[in-house]
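Summary of structural features
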Amino acid sequence: MEVKTKSLLDNMIGVGDMVLLEPLSEDSFIENLRKRFDHNEIYTYIGSVVISMNPYKSMLIYSPEKVEEYRNRNFYELSPHIYALADEAYRSLRDQDKDQCILITGESGAGKTEASKLVMSYVAAVCGKGQEVNKVKEQLLQSNPVLEAFGNAKTVRNDNSSRFGKYMDIEFDFKGDPLGGVISNYLLEKSRVVKQPRGERNFHIFYQLLSGASDDTLKKLKLDRDFSKYNYLSLDSAVVNGLDDATSFRTVRNAMQIVGFMEDEVQSVLELVAAVLKLGNIEFKPESRCNGTDESRVKDKNDLKEMCELLGIEQSVLERAFSYRTVEAKLEKVSTTLNVAQAYYARDALAKNLYSRLFSWIVTRINESIKAQAKTRHKVMGVLDIYGFEIFDDNSFEQFIINYCNEKLQQIFIELTLREEQEEYIREDIEWTNIEYFNNAIICDLIENHQNGILAMLDEECLRPGTVTDETFLDKLNTVCAQHQHFESRLSKNSKFLTDHSLPHSCFRIQHYAGKVLYRVEGFVDKNNDLLYRDLSQAMYKANHSLIKHLFPEGNPAKVNLKRPPTAGFQFKASVGTLMRNLQTKNPNYIRCIKPNDKKAPHIFTESLVCHQVRYLGLMENVRVRRAGYAFRQAYEPCLERYKMLCKRTWPHWRGPAREGVEMLMADLQVPAEEFSYGRSKIFIRNPRTLFFLEERRRQCLQDLATLIQKIYRGWKCRTHFLLLKKSQIVVAAWYRRYAQEKKYQKIKRATTVVQSYTRGWQARKLLRELKHQKRCKEAVTTIAAYWHGTQARRELRQLKEAARNKHAVSVIWAGWQGTKVRREYRKFFRANAGKKIYNFTIQRIMQKYFLGLKSTLPSMSPIDKNWPVRPYIFLDGVHTELRRIFHLWRCKKYRSRFTEDKKAVYEEKLEASELFKDKKALYPSSVSQPFKGDYLEISKNPKYQKLNSSVDEKVLLADVVNKINRANGKGATRILLLTKKNVVLADQKTGQVKASVALPDLTSVSVSTQNDGFFALRLKEGSASAVKGDFLLSSEHLIETITKLHHIGSAASDGEQLNVDIADEFLVQFKQDKVCVKFIQGAPKNGNGASCKRKNNRLLEVSVPASA
Ligand SMILES: Nc1ncnc2c1ncn2[C@@H]1O[C@H](COP(=O)(O)OP(=O)(O)OP(=O)(O)O)[C@@H](O)[C@H]1O
Ligand SMILES: [Mg+2]
């Protein structure tokens, strides 16, 4: 018999399993623990129980590789580890369908919470994967930081001490995938909210909120970051080494989100936490009343106001609830005032209740998120992490409750591992020497006995009418429990303690399994009653805050319940009872945590402390029972059922008693006799190795069986498949053959048709040829006959034609002779008329040709085009000239008809100029090609002449610069000459000022020379207004245009009287009184072509005009 596995014995430091310790004594036990602890081996087994030493430092033994290493391995295969226990529990749950519970015990700070988290993370790592499963796992794991923030606090024993009990059921489906979970919480140590012992802190969340929340959040919660501002936060150890509250706050918020808290729920929770802090700051002062009593009043209302704002409570309602208390009897309501002490009591009670109810709500809320959705039956793994056994300097009701809980856990351990096991050996008739151990049932009884247990006494005292104080409760204990061997009190009847000065009068002492604890009775009654004045709960219920209203349902006036609520002790006892019953239905797995030192420091092993824990945890007894006993037991039926495949005689069916079957099996497997014993109903296997051997053989056998089943199944499957293939093949072959024959037939048929058609074609062609031959022969005869007949016919025709011709010749000769005779007769009539007719005809033809020729050779439509085609015949001379004249007139008319009115006026002017000057003045020809522009100065547009333009009323018809000839010396001065319909105006060129204005009717004539110059004289009517200074002698570059215009307008202005234009090289002008002769002479040619004027004497002004080149 050999198991081919690694063993925990390999490379072992000390002894991995205390069962193997030799020699077994308390010293060697502790020495073994120390040795392993020194070598960082913090886990040691006692059989299947794991002892865990708190290393107080982080260890590299929880990596994913380690998880893989321990996954699906036998418990004893590798060195001791908490993962081995977690794996064993998980596999039993998954494979053997046994609900499991992991019981983690040990005193405060021994590492229970850490161990529970390790177990959970291991199970999460090895169980199934998938999106939904991962979400469930993540939610289960993330519930821990949330609960730790609200339920853990720093104590002198542990920086992260659980101040509540937690039992978590993780639910799995049949495959071992997590479905969800249920968390039960046990009594939160709520007194911590209002007061913390020296060196301890309030719950983590308060510090985390103040350190980690953003300024904005704090402002919304009306909080200040400074811890010292809050009475409920003790200051001496507000900051804990190794704890980063700010980071933890972020972790908690994140965890809340993952667990499924809505954003407004988180906000409500934080508001409640803030409200508790605010509540702590409310202080009271006494106010004397007329009846001599003191009534409490809120000192500074600011905190109260802020708290009320946070929770949506009406301030006056809460303020009143801190000053009055209403007691409702059956029919009456009595209102009494509260003094300052009572007001503080009420305040603290409210704070504690607020916080503990908030905590319970959080647990319920987490449960809502993590509860299993599927309604199928599930397997359960429970993890119990409860507050550890505590001994403080000052122990109160909370420690009493915590230690009671630990007593119960110890009892369940003893029950299942020591007593139950030993009793089973005896029951099963197994040879057994009894092993002594301490059974703590007696202590449990002292506390929980229904008649005279301490909790029952406390309840009795709380419910009793009359004055009840902590002292009356202690008195009662002193009388009822005095004789109990684990109860100690100075005032008890047991004289033994009368002189014990370590036992104060207000205390009692209990000898717990883990040591003696001194409890101070102060506060026991109050804490057990856990009373909250109804006025406060009603004030809370009235709050306009969904969560707070929900937390205080008893405040609903419609549901006033006059019955007292169950006491805290009663509730706790009941829930512990339920827990114990629950644990007993599951397969237990133990982790027993040991604290190596009291300094929370690594590497320190305080022997006395460890020894104490080893003793009270009953570990030595555990080893002894384990060594003497058997590692495994199982009823015969399930054992045979499980292993019957290992023996041919029991497989597949054993017909006989199960025990004989098992005996047969063991004999067949040759398991040594000392390795097992047969009990009445069970077989007991001493060594786990034997069990592993059986399991290994079973596993192999199952594999073989699986292979066999697989083999038969495969064979059957292949055969069925083959038969199907064969059947199908026949069908396929039949179908194929039919198809192939059909194809062949079709082919032959097609070939036959082709051959047939060829043959038929050939025969037809042969026949056709014969028929054609016969036909041709027939046709040849016809042709020959036709030719013969044709020849005959033609010969006959020729003869007939010959005869006809001969006949016709006679007729022609006859007609010719007749014609000659007629012509000879007619000739004399013809000669008399023919000549005239021929002439007319010829002339007609010639004219026709002339006109058509003229049409194509007509000259262009330009009136100045002088071309005209040449006359073809002399006799057409007159016509030709007349046609030319007519054509010219016609094209001139056409040309004129295209003129506009403006253009017509221009031409009229040009015509007038021609009439005036043509062949009279040498300057004229050069003016013909120049257009008459009129307004050379653009007088209406040019801003320079604006004034001048406006001074002339009429439309300006000509505006030009002229030279006015000085009468004295003949020199010129520039003037602007304007011509309107009525006036001639002379103005200064620079200033635009009018120098002279001559009305046109005052003009008698204009004189110019015959030469090439621009001089002209305006001759005025004698006696007219304009003639005062005499005539004007001017010179212009546009003489022809100026004079023409003047002539045209002047004639119109003087009602048909023509303005004379004198053209002569000598004329007289009137200068003032003198008449001066202006004489034009020809000078030598000059550059610039300008004429010069010179006064020769009084009577003569000589103008020298250069001869034109
Ligand atoms: N396996 C471990 N590895 C590293 N440190 C550990 C381990 N177990 C415990 N510790 C350290 O010990 C401290 C106390 O452990 P833990 O909170 O689990 O004690 P506990 O038994 O739950 O105490 P209580 O009863 O007060 O809740 C932890 O905060 C951690 O620093
Ligand atoms: Mg803990």
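None of the values given here were measured: they were computed from a predicted structure.

**Topic: the overall build of the protein chain**
In terms of regular secondary structure, the protein chain is built from 32 helices and 31 strands. Relative to its length of 1109 residues, the protein chain is extended, with a C-alpha radius of gyration of 72 Å against a globular reference of 32 Å. Viewed in the frame of its principal axes, the protein chain has a C-alpha envelope of about 195 × 140 × 70 Å. Each of the 1109 residues in the protein chain was classed as buried or not, and the buried ones make up 46%. Within the protein chain, contacts between residues at least 6 apart in sequence are counted, and of these 63% link residues at least 24 apart. In the protein chain, 174 positive and 133 negative side-chain charges are present, and the distance between their average locations comes to 21 Å.

**Description of the side chain of Lys-476**
The residue Lys-476 is located in helix 17 (residues 470-480) in this model. Sequence-distant contacts of Lys-476, that is, excluding residues within four places in its chain, are made with Met-457, Glu-460 and Glu-461.

**A look at the coordination of the magnesium ion (ligand 2)**
At 1.9 to 2.1 Å from the magnesium ion (ligand 2) lie its protein donor atoms, namely Thr-113 (OG1) and Ser-162 (OG). With a gap of 49 residues between them, Thr-113 in helix 4 (residues 112-126) and Ser-162 in strand 5 (residues 161-162) connect regions that are remote in the sequence. The class of Ser-162 is buried, set by a relative accessible area of 8%.

**So, the packing of aromatic side chains**
The full count for this structure, using the stated rule, is 38 aromatic pairs. With centroids separated by 5.6 Å and ring planes inclined at 70°, the aromatic side chains of Phe-389 and Tyr-513 adopt a geometry described as edge-to-face. Of this pair, Phe-389 sits in the loop between strand 12 (379-385) and helix 14 (397-427) while Tyr-513 sits in the loop between strand 14 (507-512) and strand 15 (515-520); the two residues are 124 residues apart in sequence, bridging distant segments of the chain. The two residues Phe-389 and Tyr-513 agree in class, both being buried. The structure contains a cluster of three or more aromatic residues connected by ring pairs, namely Phe-397, Phe-400, Phe-473, Phe-487, Phe-508, Tyr-519 and Phe-524. Note that Arg-365 overlies the ring of Phe-261, its terminal NZ or CZ placed 5.3 Å from the centroid. Lying across the ring of Phe-413, Arg-592 places its NZ or CZ 3.6 Å from the centre.

**A short note on the pattern of salt bridges**
Side chains bearing opposite charge may pair, as long as their charged atoms lie close to each other. One pass over the structure, following the stated rule, counts 63 salt bridges. Residue Glu-309 pairs with Lys-222 through a salt bridge whose shortest N-O separation is 3.2 Å. Highlighted residues: Glu-309 in helix 11 (residues 301-311) and Lys-222 in the loop between helix 8 (215-220) and helix 9 (245-259), separated in sequence by 87 residues. Since its relative accessible area comes to 28%, Lys-222 is described here as partly exposed. Note that Lys-595 and Asp-598 form a salt bridge whose closest N and O atoms lie 3.6 Å from each other. Through salt bridges with shared partners, a single network forms among Arg-163, Glu-189, Arg-192, Glu-200 and Glu-390.

**As for the sheet that holds strand 29 (residues 1074-1083)**
Ordered in space as 28-29-31-30, the four strands form an open sheet in which the pairing is mixed. Only two strands of the sheet have a single neighbouring strand rather than two, namely strand 28 (1066-1071) and strand 30 (1092-1097). Geometrically, the sheet is characterised by an average inter-axis angle of 30° between neighbouring strands, direction not taken into account. As defined by bridge partners, strand 29 adjoins strand 31 (residues 1100-1106) across seven bridges and the pair is classed as parallel. Residue pairing in the sheet places Cys-1077 in a bridge with Leu-1100 of strand 31.

**Quick look at the pairing of strand 2 (residues 49-53)**
Within a regular beta strand, the side chains point alternately toward one face of the sheet and then the other, so they alternate between its two faces. Counted residue by residue, strand 2 has five buried out of five residues, so it is predominantly covered. Judged by which residues are buried, strand 2 turns out to be covered on both faces: Val-49, Ile-51 and Met-53 on one side and Val-50 and Ser-52 on the other are all buried. In this sheet, strand 2 lies alongside strand 1 (residues 43-46) in antiparallel orientation, the contact comprising four bridges. Bridging across to strand 2, Thr-44 finds its partner in Ile-51. Counted between consecutive antiparallel strands, the loop separating strand 1 from strand 2 contains two residues, among which Gly-47 sits at a positive phi close to 60°. In this structure, strand 2 lies alongside strand 16 (residues 587-594), joined through four bridges in parallel fashion. Bridge pairing links Ser-52 to Cys-593 in strand 16.

**Some details on helix 7 (residues 204-212)**
Taken across its nine residues, helix 7 has eight buried, putting it largely inside the fold. If you check which residues of helix 7 are buried, you get His-204, Ile-205, Phe-206, Tyr-207, Gln-208, Leu-209, Leu-210 and Gly-212. Residues of helix 7 that are buried make contact with helix 5 (131-151), strand 4 (152-153), helix 8, helix 9, helix 10 (263-281) and helix 13 (340-370).

**Thoughts on the environment of Tyr-643**
Tracing the backbone shows Tyr-643 in helix 24 (residues 636-643). Not counting residues within four places of it along the chain, the set of residues in contact with Tyr-643 comprises Gln-634, Leu-665, Leu-691, Leu-694, Glu-695 and Arg-698.

**A few points about the sheet that holds strand 14**
The sheet built from three strands is open, its strands ordered 13-14-15 with antiparallel pairing. Here the strands that pair on one side only, and so sit at the sheet edges, are strand 13 (487-488) and strand 15. Packed onto the sheet, helix 17 meets strand 13 and strand 14 and runs at close to 45° relative to strand 14.

**Things to note about the side chain of Glu-171**
Within the secondary structure layout, Glu-171 lies in strand 6 (residues 165-172). At 8.7 Å, Lys-586 is the nearest oppositely charged side chain to Glu-171, a buried residue that forms no salt bridge. With sequence-adjacent residues up to four places away left out, Glu-171 is seen in contact with Asp-177, Pro-178, Leu-179, Gly-180, Gly-181, Val-182, Ala-372, His-378, Lys-379 and Val-380.

**Here's the deal with the packing of helix 16 (residues 454-463) against helix 17**
Their axes nearest at 10 Å, the elements helix 16 and helix 17 cross at an angle of 140°. Taken together, the axes of helix 16 and helix 17 lie oblique to each other. Note that helix 16 runs across helix 17; the crossing there is right-handed. On the side of helix 16, the interface is formed by Ile-454, Met-457, Leu-458, Glu-460 and Glu-461, while helix 17 contributes Thr-472, Phe-473, Lys-476, Leu-477 and Val-480. Classifying every residue of the contact of helix 16 with helix 17 by side-chain character gives six nonpolar, one polar and three charged.

**Some remarks on the site of ligand 1**
Around ligand 1 lies a shell of 19 residues, among which Ser-108, Lys-112, Thr-113, Ser-161 and Ser-162 are the nearest. Take Thr-113: an N or O atom from its side chain is 2.6 Å from an oxygen atom of ligand 1. Contacts to ligand 1 include Ser-162, whose backbone N or O atom sits 2.7 Å from an oxygen atom. The fraction of the free accessible surface of ligand 1 (620 Å²) that becomes covered by protein chains is 87%. Counting only elements with at least two residues in the shell around ligand 1, the list comes to helix 4 and strand 5.

Cut-offs applied
Residues numbered from 1 in each chain as written. Chains lettered and ligands numbered in written order. Predicted model: local features only at pLDDT ≥ 70, side-chain atom pairs only at ≥ 80, totals over all residues. Heavy atoms only, no water. Helix = DSSP H or I, 4+ residues; strand = E, 2+ residues; numbered from the N terminus. Rg over C-alpha atoms; globule rule 2.2 N^0.38 Å. Buried < 20%, exposed > 50% of the residue type's maximum accessible area, 1.4 Å probe, protein only. Contact = heavy atoms within 4.5 Å. Lys, Arg positive; Asp, Glu negative; His and termini not counted. Charge placed at Lys NZ, Arg CZ, Asp CG, Glu CD. Donors = N, O, S within 2.8 Å, 3.2 Å for Na, K, Ca; no water. Phe/Tyr/Trp six-rings, centres within 6.5 Å; stacked < 30°, edge-to-face > 60°. Lys NZ or Arg CZ within 6 Å of the ring centre and 35° of its normal. Salt bridge = Lys/Arg side-chain N within 4 Å of Asp/Glu carboxyl O. Pairing = 2+ DSSP bridges. Axes fitted to C-alpha atoms, helices over the stretch in contact; angles between N-to-C directions. Parallel < 35°, antiparallel > 145°, perpendicular 65-115°, else oblique. Left-handed = near helix turned anticlockwise from the far one by under 90°. Nonpolar A, V, L, I, M, F, W, Y, C, P; charged D, E, K, R; others polar. Near = heavy atom within 4 Å. Polar contact = N/O pair within 3.5 Å; in protein donor to acceptor, adjacent residues only side chain to side chain. Areas by Shrake-Rupley, 256 points an atom, 1.4 Å probe, with all protein chains shown as cover.

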